[in-house]
Amino acid sequence: MMGRGKLIAVMGDEDTVTGFLLGGIGELNKNCHPNFLVMEKDTTIHEIEDTFQQFLNRDDIGIILINEYIAEMVRQALDAHQHSIPTVVEIPSKKHPYDATKDSILRRARGMFTAEDLR
Amino acid sequence: MEDLVCPLAVLPTAGGDREGGGSRSDCVSMAALDLRAELDSLLLQLLGDLEELEGKRAVLNARVEEGWLSLAKARYAMGTKSVGPLQYASHMEPQVCLQASEAQEGLQKFEVVRSGVHAPEEVGPREAALRRRKGPTKTPEPQSSEAPRDPLNWFGILVPHSLRQAQASFRDGLHLAADIASLQNRIDWGRSQLRGLQEKLKQLEPGAA
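No experiment lies behind these values; they were computed from the predicted model shown. (Residues numbered from 1 in each chain as written. Chains lettered and ligands numbered in written order. Predicted model: local features only at pLDDT ≥ 70, side-chain atom pairs only at ≥ 80, totals over all residues. Heavy atoms only, no water.)

Colleague: Any chance you could explain the UniProt feature "coiled-coil region" (unreviewed entry) in chain B here in plain terms?
Modeller: With numbering matched to this structure, UniProt assigns "coiled-coil region" (unreviewed entry) to residues 36-63 of chain B. Segment residues 36-63 of chain B splits into 100% helix and 0% strand. End C-alpha atoms: 40 Å apart. (UniProt positions renumbered as here; feature names shortened; annotations may be inferred. Helix = DSSP H or I, 4+ residues; strand = E, 2+ residues; numbered from the N terminus.)

Colleague: Is there a simple way to think about a negative patch on the surface in this case?
Modeller: Where like charges cluster on the molecular surface, the negative patch consists of Glu40, Asp42, Glu47, Glu49 and Asp50 of chain A. Inspection of the secondary structure assignment puts Glu47 of chain A in helix H2 (residues 45-57). (Patch = residues over 30% accessible without salt bridge, like charges linked within 9 Å, V, L, I, M, F, W, Y side chains within 5 Å. Areas by Shrake-Rupley, 256 points an atom, 1.4 Å probe, with all protein chains shown as cover. Salt bridge = Lys/Arg side-chain N within 4 Å of Asp/Glu carboxyl O. Lys, Arg positive; Asp, Glu negative; His and termini not counted. Charge placed at Lys NZ, Arg CZ, Asp CG, Glu CD.)

Colleague: How should the pattern of salt bridges be read in this particular structure?
Modeller: When charged atoms on two side chains of opposite charge get close, those side chains can pair. As enumerated under the stated definition, the model contains 14 salt bridges over all chains in all. Linking Arg75 of chain A and Glu90 of chain A is a salt bridge whose minimum nitrogen-to-oxygen distance equals 2.7 Å. Within this pair, whereas Arg75 of chain A is found in helix H4 (residues 75-80), its partner Glu90 of chain A is found in strand S4 (residues 87-91), the two being separated by 15 residues in sequence. Of the two residues, Arg75 of chain A and Glu90 of chain A, neither departs from the other in class, the shared state being buried. One salt-bridge network, in which partners are shared between bridges, spans Glu14, Asp15 and Lys94 of chain A together with Arg75 of chain B. (Buried < 20%, exposed > 50% of the residue type's maximum accessible area, 1.4 Å probe, protein only.)

Rendered as structure tokens:
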């Protein structure tokens with residue numbers, strides 16, 4: 001599709017995904033893989049890791065919205081991701097409030113300065 | 001300033017028009033001072049970006065929480081199983097998408113835009129002449145693609161107001177998420193610039209490092 005922008009993907013619990021799909025970001029048809037993953041009771045870590053890697057490797061996704069508690073499960077892959085696209089944005093979930101100490105971006109920012117740098 | 005000229009510093013300086021010739025160490029000091037000023041400016045910008053990021057995050061978290069509450073109200077009105085993955089359409093097209101632009105090298109900025117925008121329907125005669133009221137009229141097919149279906153329709157024709165409120169909250173959340181993503185990229189970019197400048201400074205002033 002000419003001039004089409006990038007997609008926003010979402011990985012989260014039922015309410016988070018339903019909400020953002022209501023916002024209009026969902027894509028699902030016969031040819032494409034969906035740009036969302038609903039975390040259910042029987043969703044395995046392997047599935048989450050696979051889906052996350054797929055989203056990272058797709059060139060039509062610009063932002064990945066992910067509940068923070070799910071991001072913790074793929075923290076290694078998340079920290080290893082250094083490209084600006086897609087950007088990963090961590091969001092809270094209903095049962096797990098946002099914890100800034102776990103956010104990858106803020107952890108990197110905290111490690112920016114040492115005592116020597118500020119002399 | 002001429003007293004600062006080192007008798008051994010006979011090498012020509014980069015700026016040959018400096019009074020007294022200038023010493024090599026002066027040039028290095030000036031370069032280091034410039035670098036330090038640039039570092040300070042970059043550091044202040046980074047701290048400002050971090051503060052802005054924290055503010056936007058708080059607003060995004062608030063919007064998402066509002067959205068959950070509205071979804072819960074909609075579920076209460078429509079039934080527990082009436083608002084969830086069972087109602088997702090089998091075919092979805094995105095109503096909003098992301099426009100990514102590169103402000104500087106390696107620095108991406110995002111903006112959420114509506115996709116599938118089609119030209120407004122033209123009402124009225126296409127020509128200035130009188131319309132023919134008799135006879136079959138051919139309605140031209142809209143040239144642009146069909147607009148994506150509103151996800152609210154997945155949940156029924158008449159949906160409660162709380163579901164519309166949930167949609168509005170999450171739509172606001174999407175714009176905030178794009179701003180946060182842009183800020184995160186700017187912070188990462190600033191970090192790499194900072195490291196580069198610190199390395200250059202270490203090369204100029206190895207003793208200080």
